[in-house]
Structure formats: structure tokens, C-alpha cells
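Okay, here's what each chain looks like letter by letter:
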Amino acid sequence: MSRLDLLIVGAGPAGMAAALAARRHGLEVMVIDDQPTPGGQIWRSVEQAARRDDILGPSYVEGRAVAEAFRASGVIYQPGAQLWQLEPGFRAFVSRNRQAQVIEAKAVILATGAQERPVPFPGWTLPGVLTVGAAQILLKNAGQIPAGPVWIAGSGPLPLLYAVQLLRAGGQVAGYLDTTPAGQWRAALRHLPRALCASGDLAKGLSWAAMLRRKAPVIRGVIEIEALGDGRIETLRYRTADRATATVEANTLLVHEGVVPNIHAALSLDCTVAWDPAQDCYAPIVDRWGESSQVDLFVAGDGAGIAGAKAAQLRGELATLRVAVKLGSTSEDAAAVAARPIRRKLDRELAVRPFLDALFRPRPQVFAPADKTIVCRCEEITAGEIRALASVGRPGPNQIKAATRAGMGPCQGRQCGYTVTRIVGAAQNRPPAEVGFFHIRPPLKPVTLGELAALHQPAAP
Amino acid sequence: MFRKLHEPEAGALTIDIDGVPAMAEPGESVAAVLLRQAEPWSRLTPVSQSKRAPYCMMGVCFDCLADVDGIASVQTCLRPVCDGMRVARQIGKRTIGS
């Protein structure tokens with residue numbers, strides 16, 4: 001295959017919007033995505049789920065027209081493709097249908113989105129414990145809900161939205177354990193005026209909370225949870241800030257403490273990242289077009305910092321505009337004019353974030369799991385093992401990884417990375433920004449020798 | 001653990017999970033079908049042989065790994081079902097040649 005103008009990684013809101021803009025500029029563009037259909041997580045299975053539109057709501061249904069336009073745009077679309085190495089220049093190594101291939105492109109937009117923040121607690125590896133996002137994906141993809149009353153524990157807009165969708169679908173909420181620290185609304189309050197004049201989303205959120213309170217017990221100020229059971233969750237134990245402990249029967253527990261950008265691909269190319277104290281995560285540093293510290297490598301959407309689906313689409317369009325300038329298919333001036341209304345809309349979308357970030361700041365316990373808690377799900381390394389090593393000398397995350405194997409399993413630190421950073425930081429009295437993250441190396445996803453063997457013929461230039 | 005909201009319509013298909021036939025619908029993931037079974041787990045871990053089930057459903061936790069049509073360590077949350085598919089819960093590590 002010849003060298004593409006643009007390779008986009010991810011077919012969610014940012015990736016699709018970037019691709020549509022690229023086609024409008026006549027660029028030869030390929031989109032690779034690890035899901036089987038377009039939409040990312042927010043619009044997962046949006047092409048097939050029409051019968052669930054009433055349950056999932058209008059902001060989900062909106063994605064269908066985008067996916068349709070994306071399919072019709074003439075973009076080269078490779079679903080079911082996993083990126084496992086990205087080299088400057090750019091050469092992308094991608095596995096699809098058990099064969100690896102090399103894709104060459106002049107520019108790359110990483111539209112890799114977000115994942116839910118890992119929330120380690122004792123028993124989080126038991127079958128029956130899932131993330132809220134996972135349960136919502138099951139509703140979107142398979143039209144399925146928990147068979148019995150479900151416990152939801154967490155903080156943020158997503159668990160509220162899912163609880164409402166579940167109730168609309170005829171499901172039952174056994175109890176909603178709100179882990180939002182009490183009094184956090186005070187810190188959020190100063191961001192409220194800006195959020196209010198910018199968005200109708202707050203009213204939506206309030207109506208979700210009101211519906212939930214009518215239909216399910218809501219327990220506030222929950223600071224610790226523990227899942228117990230033999231081979232699956234049977235019991236849930238939780239503790240509130242006033243030290244009340246309760247033990248309840250549970251056969252499904254859904255957890256959520258916000259989302260964080262997927263930054264593995266950006267880290268593997270040594271893009272400069274910065275710690276975002278408001279969102280408690282790392283995000284690549286990008287300019288106003290989304291270009292990272294690596295020339296011609298862009299990051300658009302939640303992968304560049306959490307801002308939601310609408311902002312993701314706008315950031316995708318901005319990134320493509322800049323790519324189009326760099327490749328000579330539009331002028332600097334034309335791009336500047338085109339970017340103006342996009343940036344105005346983007347500012348409106350971003351206005352609500354400081355309020356949400358402050359209101360739903362994760363409770364400190366998320367970052368300081370008890371010693372017996374498994375932190376690395378793949379290699380089954382506990383918080384206690386990491387903590388014990390963290391105060392011997394002054395190891396960073398990479399030394400912890402080498403000594404314990406935490407972060408070496410198939411997920412490559414996607415589930416334990418931030419927790420290792422936090423435990424190391426707490427043991428050494430250093431802020432997470434200073435501790436850093438695992439060094440991310442290829443392969444970004446597991447790849448077999450058989451897949452590698454498919455590379456024996458170099459791609460034609 | 002999970003149940004479908006609707007009866008499968010025309011086009012429903014059958015996959016085999018450890019010798020037990022399971023109803024599935026086009027477009028849904030193997031992991032979704034696993035979570036509807038009486039035994040809703042997908043694998044035993046290589047380290048402690050403890051049961052794991054699909055957790056994130058978006059390809060970042062690798063707890064839904066199972067053997068699909070003779071290929072081990074398939075991320076079942078990313079794999080759509082197809083008729084006659086043979087799924088085996090994965091017991092420990094994948095072995096060379098699988």
C-alpha cells in the first residue's frame with residue numbers, strides 16, 4: 001500500500017469527525033479501530049441498536065448519522081485492527097484477522113479515547129464485578145442488563161446515566177453507593193456560573209439524580225467497598241465516611257470513578273505528557289490544533305484530556321484542518337477561518353468540565369488501596385507488595401514493574417499503571433506528576449509470532 | 001448474571017461454549033454471551049487459577065480472554081459471534097501452538 005496522507009487510530013467521535021473532515025479536504029485517509037463497528041464506546045453498536053433508542057436516549061442516537069456519513073465518506077476503514085507499534089515517520093504495525101501489516105502515513109491522529117479509571121478494591125477481580133461502562137456497553141451491544149438487582153458504586157455522570165437507562169429498561173438497582181466525597185460541591189461551586197451559561201447538561205444530570213432517588217436506595221459518602229465471594233461476588237461490604245459499615249447480598253456490582261485518557265500509543269512515541277491535577281491523570285501536551293510534541297502526530301478527543309463526545313468531534317475536525325495545511329490541501333488562512341466557529345463551539349463544550357471535574361474528583365481511597373488488594377489484575381500483584389518495595393531505595397514505576405511484574409501482563413499497565421504511580425508517590429512523599437508512569441514500549445497489545453511472520457514481505461513503498 | 005431485554009428474533013444463532021449450546025444474536029460480542037451463562041466466567045488466571053469474567057468490555061482489561069475456534073487468548077469483548085463458533089473457557093496460560 002502506498003503512503004497514506006493520514007492514519008487515524010480510533011473510530012469514535014473524534015476519529016470519525018477527523019476522517020470526515022479529511023475526506024472533505026480530499027486527503028487519502030485510513031481509520032483503524034479495534035472494535036468491529038464504528039462509534040467508539042459512546043456510540044458502541046449504534047448501527048444495530050435502534051430498538052433500544054428509547055432507553056439509551058438522543059445523545060446516543062445522534063451517533064447513527066455520524067457512523068452512516070463515515071461509512072459513505074470514502075475513508076479506508078479497517079475495523080477489528082489493533083495497533084501494537086507506531087514508529088516516527090510514520091509506520092504503524094497493526095494486527096487484523098491474525099495477520100500483522102505495516103501502514104505508512106504522513107500524519108497520524110490518535111483518537112484513542114478514554115478508559116474508565118481503574119478502581120482497585122478487595123474483590124474487584126471477582127466475576128460479577130464489572131465497570132459501569134462495561135454494563136452500558138452490554139446494553140448497547142447486546143441489549144442486556146443485570147439479571148437481578150444490581151449494586152452501583154461510584155461517582156460521576158456515567159453511573160447516574162446508566163442507572164437511569166437501566167431503570168428505563170426495566171432493571172432493578174439494589175442500591176446506589178455514591179462515593180463522591182461529601183462537601184466536594186463547595187469546591188465545584190466556583191465553576192458553576194461558567195458551566196451554567198454554557199450547557200444544558202447540568203439540568204439533565206439533576207433530573208437523572210432525582211429519578212434515581214425515587215426508584216432506588218441511595219447511600220452517600222461511601223469511602224470503601226469490598227466484594228466477597230467464592231468464584232463470583234456473593235457479598236458486598238461498604239463503609240461510609242461516618243464509619244458505618246454494612247454487609248449486603250450482591251450478585252452484580254458495577255463500579256466507576258471517572259475516565260482517563262488512553263495514552264499508551266502517545267507514550268510509546270515519547271510524546272510529552274503532563275499531569276492534570278483536575279482530572280487526576282496524564283494527558284499528552286498538544287497545541288491548539290491537537291499536535292503533540294512529535295511533529296505530525298496529533299491527539300484528538302478524550303485521549304488528549306477528558307472533555308466528552310461533542311468536544312471530541314470538534315477536536316478531531318481541528319486536527320484534520322492542521323493536517324490539511326501541512327499537506328498543502330488548504331492554506332493557513334483558510335484553516336484559521338474554518339477553525340474559528342469550531343473553537344467557539346469547543347469553548348462552550350469545555351466550559352462545563354471544571355465544574356464536573358471538581359464535583360466528581362475521585363475519593364482519595366481510590367489511589368490508596370489496602371495491602372491485600374490486587375493492583376495488577378494480570379500478574380496478580382497486591383498493593384502490599386508494591387508498597388513494601390516502594391520504600392526500599394527510591395524506585396520509580398519501572399523499577400517496581402521489573403521487580404514485581406506489575407504492568408507486564410497482557411493489559412500492559414492499563415489497569416495498574418496509575419495505582420502503581422500513586423502508591424510509589426505516597427510511599428516516597430512525592431506528587432504523581434514527579435513519579436511518572438510506566439515506560440510504555442511496543443508491543444502495545446499482545447502479538448503472536450504467527451502474526452509477526454505475516455510481515456516477511458515489506459509493504460511496497 | 002445478565003439477561004437479554006428481548007427474545008432473539010429471526011437470525012438468532014448458536015455458539016458452543018465448553019460443549020454447551022448458547023443462543024446468540026448477530027452483532028453481539030462473545031463476552032456478552034458468556035455473561036448470560038449459568039457459569040459466567042471466561043478464564044482461570046495463570047498465576048492463581050482464580051476465575052475471571054469480562055470486566056471492562058472495551059478491550060483494556062484482558063479478563064475476557066478465552067479460546068475461540070481453537071485460538072487461545074482471544075479478547076472476547078472485541079469478537080462478534082458467528083454461527084457455530086466454538087468457545088472454550090481458557091484454563092491458565094495460553095500454550096504454544098494454540
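For every chain, the first residue of the written sequence is number 1, and numbering continues from 1 onward in sequence order. Chains and ligands are labelled sequentially in the order written, the chains with letters from A and the ligands with numbers from 1. Only residues with pLDDT of at least 70 get local features here, since the model is predicted, and only at 80 or more are side-chain atom pairs given and counted; chain-wide, interface and lining totals rely on the full set of residues. As a convention, hydrogens and water are excluded, and side-chain values are obtained from all of the structure's heavy atoms.

Peer 1: With reference to specific residues and values, describe unusual backbone geometry.
Peer 2: Residue and element names in this part refer to chain A. Across the junction of G89 and F90, the peptide omega takes the value 0°, indicating a cis bond. For F90, the position within the fold is in the loop between β4 (81-87) and β5 (91-96). One non-glycine residue, R243, lies in the positive phi region at around 75°. Secondary structure elements are taken from DSSP: a helix is a run of H or I of four residues or more, a strand is a run of E of two residues or more, and numbering for both begins at the N terminus.

Peer 1: Help me get a handle on a positive patch on the surface, residues and values and all.
Peer 2: Each patch is assembled from residues with relative accessible area greater than 30% and no salt bridge, linking like charges that lie within 9 Å and nonpolar side chains (Val, Leu, Ile, Met, Phe, Trp, Tyr) that lie within 5 Å. In short, Shrake-Rupley with a 1.4 Å probe defines the accessible areas, and a residue's cover is counted only from the protein chains shown. Criterion for a salt bridge: a side-chain nitrogen of Lys or Arg within 4 Å of a carboxyl oxygen of Asp or Glu. Only four residue types enter the tally: Lys and Arg on the positive side, Asp and Glu on the negative side; His and the chain ends are excluded. A charge is said to be at NZ when it belongs to Lys, at CZ for Arg, at CG for Asp and at CD for Glu. Where like charges cluster on the molecular surface, the positive patch consists of R340, R344, K345 and R348 of chain A. Relative to the helices and strands, R348 of chain A is located in helix α11 (residues 332-350).

Peer 1: Outline the packing of helix α13 (residues 383-390) of chain A against helix α14 (residues 397-404) of chain A, listing residues and values.
Peer 2: All names here are of chain A. Whenever a helix is involved, its axis is fitted only over the stretch in contact; in every case the axis is a line through C-alpha atoms, and angles between N-to-C directions fall within 0 to 180 degrees. As a packed pair, α13 and α14 sit with axes 10 Å apart at the nearest point and diverge in direction by 120°. In terms of orientation, α13 lies oblique with respect to α14. α13 and α14 meet at a crossing whose hand is right-handed. Residues I386, L389 and A390 of α13 form the contact with α14, whose own contacting residues are I400, A403 and T404. Grouping the constituent residues of the contact of α13 with α14 by class yields five nonpolar, one polar and no charged. Throughout this description, any angle smaller than 35 degrees is read as roughly parallel, any larger than 145 degrees as roughly antiparallel, any in the 65 to 115 degree range as roughly perpendicular, and the remainder as oblique. In this scheme the handedness of a crossing depends on how the near helix is turned from the far one: anticlockwise by less than a right angle means left-handed, clockwise means right-handed. The criterion used for residue contact is that any of the two residues' heavy atoms lie within 4.5 Å. Only Asp, Glu, Lys and Arg are considered charged in this grouping, and only Ala, Val, Leu, Ile, Met, Phe, Trp, Tyr, Cys and Pro are considered nonpolar; every other residue, Gly among them, is considered polar.

Peer 1: Residue-level account of the interface of chain B and chain A, with values.
Peer 2: The partner chain A presents 51 residues to the 41 residues of chain B that form the contact. As a working definition, buried area equals the accessible area (1.4 Å probe) given up by two parts on being put together, with both sides summed. Buried area between chain B and chain A, both sides added, is near 3,800 Å², and the carbon and sulfur share of it is 56%. Taken together, the connections running from chain B to chain A amount to two salt bridges. The partner of E25 of chain B in a salt bridge is R51 of chain A, with the nearest N and O atoms 3.9 Å apart. In protein, a polar contact means a hydrogen-donor-capable atom and an acceptor-capable atom, both N or O and within 3.5 Å, with residues adjacent in sequence counting only if both atoms are side-chain atoms; elsewhere, any N or O pair within 3.5 Å suffices. Inspection of the region where chain B meets chain A yields 17 residue pairs in polar contact (both at pLDDT 80 or more). At the level of secondary structure, the elements contributing two or more residues to the side of chain B that touches chain A comprise β1 (2-4), β5 (51-52) and β7 (71-75) of chain B. When residues of the side of chain B that touches chain A are assigned to their parent elements, the largest contribution, three residues, is made by β1 of chain B. Tallied by class, residues from the side of chain B that touches chain A come to 23 nonpolar, eight polar and 10 charged. The rule for pairing is simple: two strands pair if DSSP sees at least two bridges between them. Taken together, the three bridges between strand β9 (residues 144-146) of chain A and β1 of chain B define a ladder with antiparallel strand orientation. In the strand pairing of β1 of chain B, P146 of chain A is matched with F2 of chain B.

Peer 1: Please give an account of the pairing of strand β19 (residues 281-284) of chain A that cites residues and values.
Peer 2: All names here are of chain A. Think of it in three bands: with a 1.4 Å probe and only protein chains considered, a residue is buried below 20% of the maximum accessible area for its type, exposed above 50%, and partly exposed in between. Side chains of β19 alternate between two faces, with C281 and A283 and Y282 and P284 buried alike. In terms of strand pairing, strand β18 (residues 273-276) meets β19 through four bridges, oriented antiparallel. By the bridge assignment for β19, A274 is matched with A283. Here β18 hands over to β19 after four residues, with D280 in that stretch at a positive phi of 50°.

Peer 1: Explain the state of the cysteines residue by residue, including any values.
Peer 2: All names here are of chain A. Two cysteine sulfurs form a disulfide in these notes if their separation is within 2.5 Å. Taken as a whole and assessed by the stated rule, the structure comprises zero disulfides over all chains. In this structure C411 is a free cysteine whose sulfur lies 3.9 Å from that of C378, the closest cysteine sulfur available. The closest cysteine sulfur to the non-disulfide-bonded C416 is located on C376, 4.3 Å from its own sulfur.

Peer 1: So what about the domain arrangement of chain A? Which residues, and what values?
Peer 2: All names here are of chain A. Domains are outlined according to an automatic or database domain assignment. Taken domain by domain, chain A comprises domain 1 (4-115 + 260-330), domain 2 (118-257) and domain 3 (368-435). Computed from C-alpha atoms alone, the centre-to-centre distance between domain 2 and domain 3 is 26 Å. In this complex, domain 2 contributes seven residues to the contact, which on the side of domain 3 involves nine residues. For the pair domain 2 and domain 3, the summed buried area comes to about 750 Å², and 61% of that belongs to carbon and sulfur atoms. Contact with domain 3 buries surface across domain 2, with P118, P120 and W124 losing the most and accounting together for 62% of the total.

Peer 1: Describe helix α3 (residues 58-72) of chain A, naming the residues involved and giving the relevant values.
Peer 2: All names here are of chain A. One fewer than the residue count of a helix, multiplied by 1.5 Å, yields its expected span. Here α3 is 15 residues long and its end C-alpha atoms lie 22 Å apart, about the 21 Å a rise of 1.5 Å per residue gives. What α3 keeps buried is the set Y60, G63, R64, V66, A67 and F70. The elements touched by buried residues of α3 are α1 (13-24), β2 (29-32), α2 (53-56), β3 (76-78), α4 (132-142) and α10 (309-326). Looking one or two places after α3, you find G74, whose phi comes out positive at around 90°.

Peer 1: Residues and numbers for the sheet that holds strand β14 (residues 235-240) of chain A, please.
Peer 2: Residue and element names in this part refer to chain A. On the basis of which strands lie adjacent, the open sheet formed by three strands has the order β13-β14-β15 and antiparallel pairing. The open sheet has two edge strands, β13 (222-228) and β15 (245-249), and neither has a second partner. Across this sheet, the average inter-strand angle for adjacent strands is 20°, counted without regard to direction.

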